[in-house]
Every structure is written in structure tokens, then in C-alpha cells.
Amino acid sequence: MKLNRIKLLFCVCFSLFLASCGVGERIHTVKSPDGKIDLIAGVDEGRPYYEVKRGEEAVIAKSHLGFQLKDGDFSNNFKIKAVRQASHDETWQQPWGEDIEVRNNYNELTLLVEEQSDLHRELSLVFRVFNDGVGFRYVFPKQRNLKDFVIMDEKTEFALPWDAQVWSIPTNGTKYFEALYKASPVSHKDTVSTPITMMANDSLYLTLHEANLTDYAGLNLALEKGTKTTLQAALTPWSTGEKVFASAPFASPWRTIIIGHKPGDLMLSRLMLNLNEPSKIKDTSWIEPGRYVGIWWGMHMEKYTWSQGPKHGATTANTMRYIDFAAKHGFSGVLVEGWNWGWDGDWTTHGDQFSFTRSYPDFDLKRVSEYARSKGVRLIGHHETGGAALNYEAQLDSAYALYRSVGVNVVKTGYVNPLLDNKEQHNSQYGVRHYRKVIETAARYGIMIDNHEPSMPTGLQRTYPNLMTQEGVRGQEYDAWSTDGGNPPDHTCIIPFTRGLAGPMDFTPGTFKFVNTVHPGTRVQTTLAKQLALNVVLFSPLQMASDMIENYENQPAFSFITSCPTTWAKTVVPDAKIGEYVVVARKDRRSDNWFIGCITNEKERTITLSLGFLDDDASYKATLYCDGEGADYLSNPYAVNISEREVNAKTVLQLKLKRGGGAAIRIEKI
Ligand code: NOJ
């Protein structure tokens, strides 16, 4: 981000009260800037702990902190050595995102604790308390008796004061985080991957996750033995069992607790982004959000193949056809999968044979990219690695240099293999290091990344805004070939409050033909209007209209997708109930227009929507794409009713959503 675009409103108040030995047993507290959330921290019988309250309400009960290191326990026998408090208030701007301005306002408490042994090893516990939650991290200062060390376990606890309803996906047995989130009491959960979201009561919603996952292992949570509602960190291990190899000075990722009164508060929290470092990319002018089509759904529906042969999808001629379509309808890019050598045979087991610079004979990269440029469209590059991370790393420079030379500035990466390099998990420190190397190298070549099969996102797009979007979610492709029938209607009413809180999701909505001749039992389980609405509800700065282009011909509803931006000036969530329905309204960055997405699960319902977020004293033209008469996601999914009416800030709409349905609305200022 350009420095001159960062608006530093206030970043002064920095009070330091260093206390020497003796403050040890005192309880230390810090409040959120609005005074509503309290963080209490201290050391009790040698064990560091924290607690979170909202007013009189317990949010996190007394929870211990610390580590099991390879050479012994590092969670006990501590005494507080120093205490520091600070405050921070700044407003920064996102080059792309769900809003432009983000306020980063918190009060901070740091406890420096020292082991009461001859080694005198030290650890800092840093807590930041925002109006929308808490973040905390461990900092291992530079010190004589702790240099290189190995973390065998992080012992961070989240002691929940209730057996709340939790939406989560299991860590074990889930590939690439592509699972359906299930709600059940926390006491029933096996190890789960963060983010997890819970409803403690009607006005207390929490999300636990992490921010700034750098050179560390990804976070999972498991019930602590002998407890019913205390979750403990369960880091993803290396194949050899260690969790993290580190050298002091060293900082862990932030552990995050978003606290909201209603589900929409979770979606509007920018706490995770605030706990990441500011952009390392000074000039972000080349980073361009956009909407694209792709030679993609055709492969998933087995009309085309990635590999060579009579059905090869990525041919020069077919790509030019897609480019013509993209140019005609105002798309910024065309994704081409299967253009490079390595797809023949079972590519998921021989990823090391992928070449990222050699084209198949029927694909002329130079010609196709020149053709795209002449039409004002860019190719979107693709690097499927089959999980062979080392093979990819060896080719990163040559592959990105090639793409740059032909004007490709977005690359979708993929890692279809449960293990990287047949050995290490995607969310392990090994995986985290690999994905970081890719993002940093891409940034040097002026390339944006769409990372499929990633480690779980943690807000790194603030630091590397070329990290546009990621998978790590069960996306629309499951409606092509999954063995369980496709994504159930409530899936998209849950993920905005779970995986969506970890960052942009490359879900790829926008399928218009739901018939599936290859896997007849599997299908898109929405109405057509809901496919449109998902373009607003599910945020991604790069968004693919997923269907084959011929399925968009002569479809009046397609005009919603082609008009819908992918980056926003402002977002509001007028109404939502996790798993039941979601209403999101977003304001365009380039105009005064608003776009609304409204979706329901398998139940029909009427949503009363006040347009109070529009400018007062202004008139707007609303174009409504609603479920038509008799629409139903199973029996009549295509019925769409497109209508226009004048609206203003006083208008209250009654939106009738059919089963599995939705409504998409474009509101243009007159
Ligand atoms: C899985 C990805 O999610 C999908 O989008 C892609 O088409 C295939 N891998 C092939 O890379």
C-alpha cells in the first residue's frame, strides 16, 4: 500500500509502566477502547493465564498459557518480571476489500514473565483488546538460555464457560479444509480446525482463529483431557511429530477471539486484518480485483479434459472463444487450466512431472495472450502442483518470468494431494513456509495469487495484498462431482460466519445449468437467484463465474453477475442467522451503487429489509432478481423474476425467498 494513502489518525498514547520483580502476583487488566470488554491476565502458582469478560458476562474463563518444548515444560514456574500497557488508534486503507477504511484501535497489555530456575528463561505475553474482541500472542525475546528451540505443543487454553453450539469442521479426515461445517455442543467435538464460531446465547457470538500465521504451524483446537468445555491448541505437526522449529527472538501468530452481539458483527470484524503487518508492497497499483470466466467447469463436468486428447479443454481455439466471450461481457480475465505439460495420467500422484513453462502442442501461450490483450482481457494463469511443492519451488522464477513476459498477472495455484511432497501436511510449518515463499516470489514478479488447497488463511492479504483469494473451503465444484449430492442449501448460510472470517473465499458461484449428466445424483442445490446473490454474500476480490460460457447465452439473469463489482467501499449485514439466512449489502468503490445478496437455506422465508443504509435524500433505481413464482431449489430452480422500482433510504422491501433461494439486488443512484 502506498504510504501516502495510509491515513494515520492517531497513534500516540504509549504509556509504559515498567515494574520490576514484585508485581508478580498482581492481577493485570486491560479494557477495550469502548470499555465493554475486559482482559484479565496474570500468573497463578507459576502458571500464566488470561480471562475475558464482556461487562459482567464471562466470555473466556481462566485459561492457561504456555508451551511444551522439546527440552521441557515451558508453561510453569513463572513470575511476572515486567508489565507494560499501550494504546493504539489508527485508520488504514485497504487496496481492495469489503470496505476501504479499517480502524485499528486497541489497548495493549504485555506481561514479561521469567522462569524461576537457574536458566531465567523469559516469555512475553502480548494482549490486544479491541471493541470487537481480543488477540494475543507469545513473544520469545532474545536471551542467553533460549536460542534455537522446538515446540512440541502449544498449551494455550480457551476455557469456555458454557457448552455452546459450535460450527466447525473436523481436522482429522478432512482434506484441504473442504468439509461441511456442523453445529454441535463444544463437549461433543473432536479436534477441529479454526476458525470455529459459537453461539453462547442470543447476544453472544464468538469466533476463535488466528492471525498472521508466519513460520509456525496452523492452529486446531481439541477438548482438553478431563474437561468438557476447555479447548486447547493442537498445532498441525511435521511428519516427525514436532510442531514448530524456531529461534529467539520469535513471535507466534496471534490467537484471536472475535466477540459479537449478532452474527453480522462477526462478518464486520476486521480484528484479524488489524493483527497482521501493514503492506510490504509499496506500490499496489498493479493489484487489480476482477471477475473472470474459465475453462474450468467443463473439466469438472467431464466435457473437457485437463490432459491431452480429443477432449482437451485448453486449446488455442477454445481459449480464444472464451476470450471473445469475456471481452463481450466485460470480464477482466479468462482462466486456463490444463495448458502445460504434466496432466496426462494420474497427475495427483506425479506432481513432480508438471512443467510450468512448457505448453501442450495445441496451446500457443504467446498467441493466446496477445489475442487476449488485443481484446482488453488477460489470461489467468494456472499452476497445479499435485502437492509437489519442491518441484514448484524449483520453477517459481522461470514460471513467473514466463507469465510476466506474456502479460499474465494472476496465477491460480493448486495442491491436490493430501500431503505436500508426499510427506508434510498443508497446514504444518512446512506448508506455511512453502505458501509464503510462493506469495513473496509472486509479489516480486508483480503476480497476484489465488491459492487453492492452501494452509488456512489468517489475514496475510494485509501484508501481501497480491494474495487475493484462497480456497480452503468446500466450493461450488462439489456440485459437479461430490458423492453426497452437492452442497446442501445451508452450507452457504454457514461459511460466511466460519471459513469466510479467515479471508476471501474462492467458492466460484454463478453456475446457471444445474443438470448433471455425469453424476446424476449430484447437483447445484440452489435456485438461480441464489447463485446471483452468492456473488455479494461470499466475498472474493477475484471472482469466477463458474459455468461454461455457452450456459450464460441468452440468460437475462447473467446481467447481475456482469454488473457486480468484486471489491467494495463499505459492507453492512442488515440481518443474518447462522445456517438459516444471510443478508449482505455492499457499496461499490467506483460509484454510489449498492449490491445486495440475500440467501436462505432449504426453508422459504420472507425477509423484511430496510434500505436505511442508502444516502438520505437520494433516489435510486433498484433492479431486483428474485425467486420467481413457484421457484424451488429441487423442483423448479430456474424461475427468476427480474423487476425494477424506485427506492430510497426509507424503503422497506419484503423479499420472498423460496426454498434454497435468494434475491440479488442492484441499486443505482439516480
Ligand atoms: C482443485 C481445484 O479446487 C480446482 O479448482 C481445479 O480445477 C483442480 N484442482 C485442478 O487443478
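Residues numbered from 1 in each chain as written. Predicted model: local features only at pLDDT ≥ 70, side-chain atom pairs only at ≥ 80, totals over all residues. Heavy atoms only, no water.

Asker: How do you make sense of the overall build of the protein chain when you look at a structure like this?
Answerer: The number of helices and strands found in the protein chain is eleven helices and 38 strands. In terms of overall size, the protein chain behaves like a compact globule, its C-alpha atoms giving a radius of gyration of 25 Å where 670 residues would be expected to give roughly 26 Å. If one aligns the C-alpha atoms of the protein chain with their principal axes, the spans along those axes are about 75 × 60 × 50 Å. The buried share of the protein chain, reckoned over its 670 residues, is 63%. When contacts within the protein chain are restricted to residue pairs at least 6 apart in sequence, long-range pairs at least 24 apart make up 71% of them. Accessible surface for the protein chain amounts to roughly 24,400 Å². Of this, 50% is attributable to carbon and sulfur atoms. Each charge sign in the protein chain was given a centre, from 73 positive and 78 negative side chains, and these centres are 3 Å apart. (Helix = DSSP H or I, 4+ residues; strand = E, 2+ residues; numbered from the N terminus. Rg over C-alpha atoms; globule rule 2.2 N^0.38 Å. Buried < 20%, exposed > 50% of the residue type's maximum accessible area, 1.4 Å probe, protein only. Contact = heavy atoms within 4.5 Å. Areas by Shrake-Rupley, 256 points an atom, 1.4 Å probe, with all protein chains shown as cover. Lys, Arg positive; Asp, Glu negative; His and termini not counted. Charge placed at Lys NZ, Arg CZ, Asp CG, Glu CD.)

Asker: Help me out: how do you make sense of the nonpolar core in this one?
Answerer: In summary, soluble globular proteins display a tendency toward joint burial of nonpolar side chains. If you look at the biggest cluster of nonpolar residues, it comprises 109 residues, and the most contacted ones within it are Val 293, Tyr 400 and Val 582. Top element by residues in this core is helix H10 (residues 528-537). It accounts for six residues. Discounting residues that sit within four places of it in the chain, Val 293 has contacts with Tyr 322, Phe 325, Ala 326, Phe 331, Gly 333, Val 334, Leu 335, Met 544, Ala 545 and Ile 549. Residues Leu 160, Tyr 216, Ala 233 and Ile 257 belong to the second largest nonpolar core, which totals 57 residues. (Core = buried A, V, L, I, M, F, W, Y, C linked by side-chain atoms within 4.5 Å.)

Asker: Would you explain the sheet that holds strand S5 (residues 67-69) in this entry?
Answerer: In sheet architecture, strand pairing relies on hydrogen bonds along the backbone and comes in two forms, parallel and antiparallel. Reading across from one edge, S6-S5-S11-S19 is the order of the four strands in this open sheet, with antiparallel pairing throughout. The open sheet terminates on both sides in strands that have one partner only, identified here as strand S6 (72-74) and strand S19 (244-247). When strand polarity is set aside, the average angle formed by the axes of neighbouring strands in this sheet is 40°. Pairing of S5 with S6 involves three bridges; the strand directions are antiparallel. When the sheet's bridge partners are listed, Gln 68 is paired in S6 with Asp 73. (Pairing = 2+ DSSP bridges. Axes fitted to C-alpha atoms, helices over the stretch in contact; angles between N-to-C directions.)

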